[in-house]
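Close look at the chain arrangement
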Amino acid sequence: METCKCCSGKTYEVCCEPLITGFRKAETAEELLRSRYCAYAKTEIDYIYNTIHPSKKKEFDKKSISDWSERSDWNELEIIEVENGGPKDEIGTVEFVAHYSENGERRRHHELATFEKQDGEWFFVDGQGVMPKQFVRPQPKVGRNDPCPCGSGKKYKKCCGK
């Protein structure tokens, strides 16, 4: 029994295979996203194409998608946030990070994906890259010659800054 590549913790046979083979349709936007990730991992390009919103299919480049899928090792899918996209919703978004390796180099694809339901079926509409959030230091940076914040009375560079 193979664990599903979408990182749900379920077996492939129970999780994404029924969607990819057409046995059933995704009930939520997140479920569709997970199955699409799995389809990339298994180079199931027809499924990726079939789950794109009909208005976006003309933009699909089967060769480049297939090449990327084949030359990549799909390591992990990380779901960051899901907004709407449930069984009773008509639209939803899923922020995710796809971790993969290409030519031996680890990479991350961080995206906010939009999904829409049409005639009771979920489709991928579009995705936008998510820029990393800037780190904001909660306190001012301690300089090397400033007093150590631990209260020792020594300069930072001679105490905790070593």
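A quick note: this is a predicted structure, and the numbers were derived from the prediction, not measured.

1. Observations regarding the nonpolar core
Ranked by internal contacts, the top residues of the largest apolar core, which has 32 residues, are Cys4, Cys16, Ile20, Leu33, Ile48, Trp74 and Phe115. Residues in contact with Cys16, not counting those within four places in the same chain, are Cys4, Cys6, Arg34, Ser35 and Cys38.

2. Quick notes on helix α2 (residues 29–41)
Under the 1.5 Å per step criterion, the end-to-end length of α2 is 19 Å for 13 residues, consistent within 8% with the ideal 18 Å. The buried count for α2 comes to eleven of 13 residues, which makes it a mostly enclosed element. Where α2 terminates, the next one or two residues include Thr43, which has phi positive at roughly 55°.

3. Structural notes on the sheet that holds strand β4 (residues 121–129)
Note on sheets: strands pair through backbone hydrogen bonds, and any given pair is parallel or antiparallel. A sheet is described by the order of its strands in space; here four strands give the open sequence β1-β2-β3-β4, paired in antiparallel fashion. Looking along the sheet, the strands with just one partner apiece sit at the ends: β1 (72–84) and β4. The mean inter-strand angle of the sheet, taken between neighbouring strand axes irrespective of direction, is 30°. Both strand β2 (residues 91–102) and strand β3 (residues 105–118) contribute to a ladder of twelve bridges, which runs antiparallel.

4. Here we look at unusual backbone geometry
For Thr43, which is not glycine, the phi dihedral falls at a positive 55°. In this fold, Thr43 is placed in the loop between α2 and α3 (45–50). Non-glycine residue Asn103 carries a positive phi angle of around 55°. Relative to the assigned elements, Asn103 resides in the loop between β2 and β3.

5. Considerations on the pattern of salt bridges
Under the criterion given, the structure shown has ten salt bridges. The salt bridge partner of Lys63 is Asp67, with a shortest N-O separation of 3.1 Å. Of this pair, Lys63 and Asp67 both sit in helix α4 (residues 62–71), four residues apart, roughly one helical turn. Residue classification places Lys63 among the exposed positions, given a relative accessible area of 58%. Its salt-bridge partner being Glu105, residue Arg107 comes within 4.0 Å of it at the nearest N-O pair. Given the relative accessible area of 33%, Arg107 is considered partly exposed. Residues joined by salt bridges that share partners form a network here, namely Arg71, Glu102, Glu105 and Arg107.

6. Observations regarding the packing of aromatic side chains
Under the counting rule described, the total for this entry stands at eight aromatic pairs. Each ring, one from Trp68 and one from Tyr100, has its centre 5.5 Å from the other, and the planes form 85°; the classification is edge-to-face. Here the residue Trp68 occupies a position in helix α4, and Tyr100 occupies one in strand β2, the gap between them amounting to 32 residues. Judged on exposure class, the residue Trp68 and its partner Tyr100 are both buried. Cluster of aromatic residues (ring-pair linked, three or more members): Tyr37, Tyr40, Trp68, Trp74 and Tyr100. In this structure, Lys42 is placed above the aromatic ring of Tyr12, and the distance from its NZ or CZ to the ring centre is 4.4 Å. When the ring centre of Tyr49 is taken as origin, the NZ or CZ atom of Lys57, which lies over that ring, is 4.6 Å away.

Calculation criteria
- Residues numbered from 1 in each chain as written.
- Predicted model: local features only at pLDDT ≥ 70, side-chain atom pairs only at ≥ 80, totals over all residues.
- Heavy atoms only, no water.
- Core = buried A, V, L, I, M, F, W, Y, C linked by side-chain atoms within 4.5 Å.
- Buried < 20%, exposed > 50% of the residue type's maximum accessible area, 1.4 Å probe, protein only.
- Contact = heavy atoms within 4.5 Å.
- Helix = DSSP H or I, 4+ residues; strand = E, 2+ residues; numbered from the N terminus.
- Expected span 1.5 Å × (residues − 1).
- Pairing = 2+ DSSP bridges.
- Axes fitted to C-alpha atoms, helices over the stretch in contact; angles between N-to-C directions.
- Salt bridge = Lys/Arg side-chain N within 4 Å of Asp/Glu carboxyl O.
- Phe/Tyr/Trp six-rings, centres within 6.5 Å; stacked < 30°, edge-to-face > 60°.
- Lys NZ or Arg CZ within 6 Å of the ring centre and 35° of its normal.

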